[in-house]
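If you want the building blocks of each chain, they are given just below.
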Amino acid sequence: MSNASLEATVDPSEVQGWINNLGTEPSAAVPLLQAVQRAFGYLPRKAMDLIIENTEINASQLFGVATFYAQFRLDPVGRNLIKVCHGTACHVQGADRLNTSLRHVLGMKDEEEDTASNGSYTVEDVACIGCCSLAPVMLIGEQAYPNLKGADAQKHLVKHAKTVGEILPGKDADKEAK
Amino acid sequence: MSGEGLLINVGEGTCGIAAGAPEVTELLKKRFPDAKFTAVGCVGMCHQEVMVDITNADGKTYQWGNVNKKNLPKIVRFHRGEADLPEQLLIKSTDAPDTEKSQYLLKQTRIVLRNVGQLNPTSMSQFQERGGYTGIEKVLKGGMSPEDVIAEVKIANIRGRGGAGFPAAIKWGFARGAPGKVKYLVCNGDEGDPGAFMDRSLLEGDPHSVVEGMLIAAYAIGASKGYAYIRAEYPLAVEYFGKAMDDARKAGYLGNNILGSDFSFDIKIKEGAGAFVCGEETALLASIEGERGMPRIRPPFPAIKGVFNSPTIINNVETLANMPWIINNGGQAYADLGTEKSNGTKVFALAGTIKRGGLVEVPMGVTIRHVLEDIGGGSPTGRPLKAVQLGGPSGGCIPESMFDTLVDYDAIDATGAIMGSGGMVVMDSKSCMVDLARYFLEFTQLESCGKCTFCRIGTLRMKELLTKICEGEGTMEDIATLEELAPSIKQASLCGLGQTAPNPVQTTLEYFRDEYIAHVKDHRCPGGVCKGLITHTIIQKDCTGCSICERYCPVDAIEGELKKPDTWVIDQQACINCGMCVEVCNPDAILAA
């Protein structure tokens, strides 16, 4: 990822605090990574190194766990996180169009790309958030948006960007703001 | 009127919140500052969110559905006595005849969901007012031995609700008899099936019943330590379950010498981290131990050698939440419901193309048609229902012609689908069964832990073949290869994920073979879903030339002059068939076929 500006600054004492709370034994690996991810939105290399140095968890276990579970990511996230639900109910009702539509206004052309070039938003697919009767659903931050069509997703995003003062790098993003 | 004497319950589960419950509550509080408000869990009528229950001072009750800030004033004026009853918003009232909407709940038998939507999930006192913790009290103060508890559960004949359907009492018996100083009870709340949300609603809407169920199970098997493994995607469930544990501990239901007995038990929450395979028992144990969630070879079974090598029982959320009811009402009352080999009730999460989606609890032995049509209200689109997908990625599709199949473990197994944890996704004629099979294989392939070759590579090959067919490049030989791969993957995989991954392919091939053949031979997707096999064209006679499609097209494939319908065309070279234009077109002037 080219978004060097999104790299988090890791305070070693904060990481040590989590270790003190959650323990140093191997079974603490998942909760520790969850604490790191909760704080930074991803797993910064520096924080991983601190855990390896200060617990019984070795690098192979920690990276093994970090790369196994869908929740964890090693790349920084954008300033805002959008989660698009791809549960069965959302899939059969057109969740793919939410991605197409969001990626369009975010100017994300490359399939591998999940964060807008200006670092404003990251679009992540999630397995199922369990609101299947409101499908298709997406979350921007903690806020859920139910019963979406592709165009609705775009409208909500444009509105959200205005409220938080982000610029959407994609085509015509401003034109849709109503 | 300030609202004095009014009792107002607003459904604030995850889905209620998503539909806008907090905003409705806030507005209601402004209108009725003196009313007594309770944020209740999700009652499971997701299609009616936001839901508000109001009890007047005279005791009359009104249940309102689809409430939003626009129609809220009608309800407010009614309760102030200033307007007539807004019938279109009413679900059920003691003051009016039952509406069609109320059939959704009236036709259900609610045992597991007895409290969901009826109480504030963070209130210990409300739970106790509804008979909470009387089950464990009956056990500990009534002198029931662990063997008595197991015997009662055996009479109830409740089978594991997580999917596999193994009888709970037999499983408990194994762990009861296993040697070991410390034994563990794990509550499996890693509801990974995309399309299922029963466990979420229980953990969010009635967490104390799950705590109580865990206490009963722990006492029966002799466990002193418990884990509640809850998906991280369910933050509200984690929060409410944690609160329930704290309150139970304060009230003396968790900890040492519970209710003065020599039974001690406590629970820790483990948040899952997003791995479907962790729904599998041994993978879940590995995850608790801090490892990658990869299944282990059985035997030894977890009941003998589980988490940290100690005897461990893993029960699903729904199984456990049934236990307090079984203890209080007796195993026989539970066994009286259902069929010969599938007793009690089952909760389904009804979603997809269905009029009334949400949580449905029915006695075993009713037909699938009853669930979909009498309770769910059938198709909302006017198009006929085509199939229902049961059991998520491990399950299969049941065609409309077989909707009279009974809700019964063995009857559903016989169709090639599985009861599973209870996800039911309904589809009408505008869905593609090949695409659905591809969707599930893409899911299982991503979620395969990689331990067994056949699962790791086999699901990938299946996904590739299905993708090829969806793109119109498939051959009849590909279909034959799929049929050959399916049994091999099932046989050569260690755990449930691989053993069931081919089910969606096998059932769609069995019941919807014509759709596969249409893709391969006619290069046609009958459901109009597969992007490689459809084209989008503008029907100029219906077009108004409004240009909205042009604005939403992500690839600039649409062009024309404003207000001149006969100039509008889609550049087929550039079009990616995403369908955005169809969605935004008001006069329905874009054809996808």
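Structure's up top.
For clarity, every value in this text was computed on a predicted model and none was experimentally measured.

Even after reading the chapter, I still don't get the overall build of chain A, so can you show me in this structure?
Counting its secondary structure elements, chain A contains seven helices and four strands. Long-range pairs, those at least 24 residues apart, make up 67% of the contacts in chain A between residues at least 6 apart in sequence. Of the accessible surface of chain A, which amounts to about 7,800 Å², a share of 47% is contributed by carbon and sulfur atoms. Distance between charge centres in chain A, computed from 16 positive and 22 negative side chains, equals 11 Å.

Would you mind showing me how to read the environment of Gly-117 of chain B here?
Residues and elements named next belong to chain B. Note that Gly-117 resides in the loop between helix H4 (103-106) and helix H5 (124-129). Since its relative accessible area comes to 4%, Gly-117 is described here as buried. A sequence separation of 73 residues divides Gly-117 from Gly-44, and the C-alpha atoms of the two residues are 7.6 Å apart. For Gly-117, the contacting residues outside a window of four places in its chain are Val-40, Gly-41, Cys-42 and Val-43.

Which parts of the structure should I look at to understand the layout of surface pockets?
Residue and element names in this part refer to chain B. Considered as a void within the structure, the second largest pocket measures approximately 1,200 Å³ in volume. If you trace the second largest pocket, you find 44 residues lining it, with Gly-162, Gly-163, Ala-164, Gly-279 and Glu-280 closest to the centre. Elements represented by at least two residues in the lining of the second largest pocket include exactly helix H8 (168-177), strand S9 (312-316), helix H16 (409-415) and helix H20 (496-500). Grouping the constituent residues of the lining of the second largest pocket by class yields 15 nonpolar, 18 polar and eleven charged.

How should the packing of aromatic side chains be read in this particular structure?
Any two aromatic rings considered together are summarised by their centre-to-centre distance and by the angle between their planes. Within the structure shown, the criterion is met by 16 aromatic pairs over all chains. Taken together, a centroid distance of 5.1 Å and an interplanar angle of 75° make the contact between Tyr-62 of chain B and Phe-78 of chain B edge-to-face. Of this pair, Tyr-62 of chain B sits in strand S4 (residues 61-64) while Phe-78 of chain B is found in helix H3 (residues 72-79), placing the two residues 16 residues apart along the sequence. As far as the burial class goes, Tyr-62 of chain B and Phe-78 of chain B line up, both buried. When the centroid spacing of 6.2 Å and the interplanar angle of 10° are considered together, the rings of Phe-263 of chain B and Phe-265 of chain B count as stacked. No difference in accessibility class separates Phe-263 of chain B from Phe-265 of chain B, as the two residues are buried. Put simply, the rings of Phe-68, Tyr-69 and Phe-72 of chain A pair up and form one aromatic cluster. A cation over a ring is seen here: Arg-231 of chain B above Tyr-234 of chain B, with NZ or CZ 4.9 Å from the ring centre. Residue placement shows Lys-346 of chain B over the ring face of Phe-348 of chain B; its charged tip is 5.8 Å from the ring centre.

What am I meant to see in helix H13 (residues 317-329) of chain B here?
Owing to its 3.6 residues per turn, the α-helix brings residues three or four apart onto one side. Residues and elements named next belong to chain B. Along H13, the largest kink reaches about 25° and is centred on Met-323; proline Pro-324 follows within four residues of it. Counting buried residues in H13 gives eleven out of 13 residues, a clear majority hidden from the surface. Val-317, Glu-318, Thr-319, Leu-320, Ala-321, Asn-322, Met-323, Pro-324, Trp-325, Ile-326 and Ile-327 are the residues of H13 that are buried. At the N-terminal boundary of H13, the capping side chain belongs to Asn-316, with an oxygen 2.7 Å from the backbone nitrogen of Glu-318.

What should I look at first to understand a nonpolar patch on the surface in this one?
On the surface, a cluster of nonpolar side chains totalling about 280 Å² of accessible area is made up of Phe-166, Ile-170 and Phe-174 of chain B. As for its position among the elements, Phe-174 of chain B is in helix H8.

Is there a simple way to think about the pattern of salt bridges in this case?
Pairs can form between side chains of opposite charge whenever their charged atoms are close. Residue and element names in this part refer to chain B. One pass over the full model with this rule turns up 36 salt bridges over all chains. Measuring nitrogen to oxygen at the nearest pair gives 2.6 Å for the salt bridge that ties Lys-386 to Glu-515. One end of the pair, Lys-386, is in strand S12 (residues 385-390); the other, Glu-515, is in helix H22 (residues 513-521), with 129 residues separating them in the sequence. Glu-515 carries the same exposure label as Lys-386, and that label is buried. Where Glu-464 meets Arg-461, a salt bridge forms, and the shortest distance between an N and an O atom there is 2.8 Å. With a gap of three residues between them, Glu-464 and Arg-461 both fall in helix H18 (residues 453-470), about one helical turn apart. Since its relative accessible area comes to 37%, Glu-464 is described here as partly exposed. Several salt bridges converge on common partners, so that one network encompasses Lys-171, Glu-280, Glu-281 and Arg-298.

Could you clarify how one ought to interpret the sheet that holds strand S2 (residues 36-40) of chain B in this entry?
Paired through backbone hydrogen bonds, the strands of a sheet run either parallel or antiparallel to each other. All names here are of chain B. The five strands lie next to each other as S2-S1-S3-S4-S5, forming an open sheet whose pairing is mixed. Edge strands, defined here as strands with exactly one partner in the open sheet, are S2 and strand S5 (90-93). Sheet twist, expressed as the average angle between the axes of neighbouring strands with direction ignored, equals 15°. The sheet contact formed by strand S1 (residues 7-11) and S2 spans five bridges and is parallel. When the sheet's bridge partners are listed, Leu-7 is paired in S2 with Lys-36. The sheet strands contacting helix H2 (residues 21-31) are S1, S2 and strand S3 (52-55), and the helix crosses S1 at an angle near 165°. Sheet contacts for H3: S3 and S4; angle to S4, the most-contacted strand, approximately 175°.

Just to check I follow, could you spell out the interface of chain A and chain B for this structure?
In this complex, chain A contributes 47 residues to the contact, which on the side of chain B involves 59 residues. Regarding the contact of chain A and chain B, the summed buried area is about 4,000 Å², with carbon and sulfur atoms giving 57% of it. Taken as a group, Phe-68, Tyr-69 and Thr-88 of chain A account for 16% of the area that chain A buries against chain B, more than any other trio of residues on that side. Scanning the region where chain A abuts chain B turns up two salt bridges. The salt bridge involving Arg-97 of chain A is made with Glu-583 of chain B; its shortest N-O contact spans 2.5 Å. Across the chain A-chain B interface, the total number found is 22 residue pairs in polar contact (both at pLDDT 80 or more). Contributing elements (two or more residues each) for the side of chain A that touches chain B: helix H2 (29-40), helix H4 (59-68), helix H5 (88-92), helix H6 (95-105) and helix H7 (150-164) of chain A. Looking at side-chain class alone, the side of chain A that touches chain B contains 20 nonpolar, 18 polar and nine charged residues.

Parameters and conventions
Residues numbered from 1 in each chain as written. Chains lettered and ligands numbered in written order. Predicted model: local features only at pLDDT ≥ 70, side-chain atom pairs only at ≥ 80, totals over all residues. Heavy atoms only, no water. Helix = DSSP H or I, 4+ residues; strand = E, 2+ residues; numbered from the N terminus. Contact = heavy atoms within 4.5 Å. Areas by Shrake-Rupley, 256 points an atom, 1.4 Å probe, with all protein chains shown as cover. Lys, Arg positive; Asp, Glu negative; His and termini not counted. Charge placed at Lys NZ, Arg CZ, Asp CG, Glu CD. Buried < 20%, exposed > 50% of the residue type's maximum accessible area, 1.4 Å probe, protein only. 1 Å grid on protein atoms, 1.4 Å probe; cavity = no way out; pocket = protein on both sides within 12 Å on 5 of 7 lines; lining within 4 Å. Points joined across faces, edges and corners; volume = space filled by probe spheres on them. Nonpolar A, V, L, I, M, F, W, Y, C, P; charged D, E, K, R; others polar. Phe/Tyr/Trp six-rings, centres within 6.5 Å; stacked < 30°, edge-to-face > 60°. Lys NZ or Arg CZ within 6 Å of the ring centre and 35° of its normal. Bend = angle between axes of the 7 residues up to and from the residue. Polar contact = N/O pair within 3.5 Å; in protein donor to acceptor, adjacent residues only side chain to side chain. Patch = residues over 30% accessible without salt bridge, like charges linked within 9 Å, V, L, I, M, F, W, Y side chains within 5 Å. Salt bridge = Lys/Arg side-chain N within 4 Å of Asp/Glu carboxyl O. Pairing = 2+ DSSP bridges. Axes fitted to C-alpha atoms, helices over the stretch in contact; angles between N-to-C directions. Buried area = accessible area lost by both parts, 1.4 Å probe.

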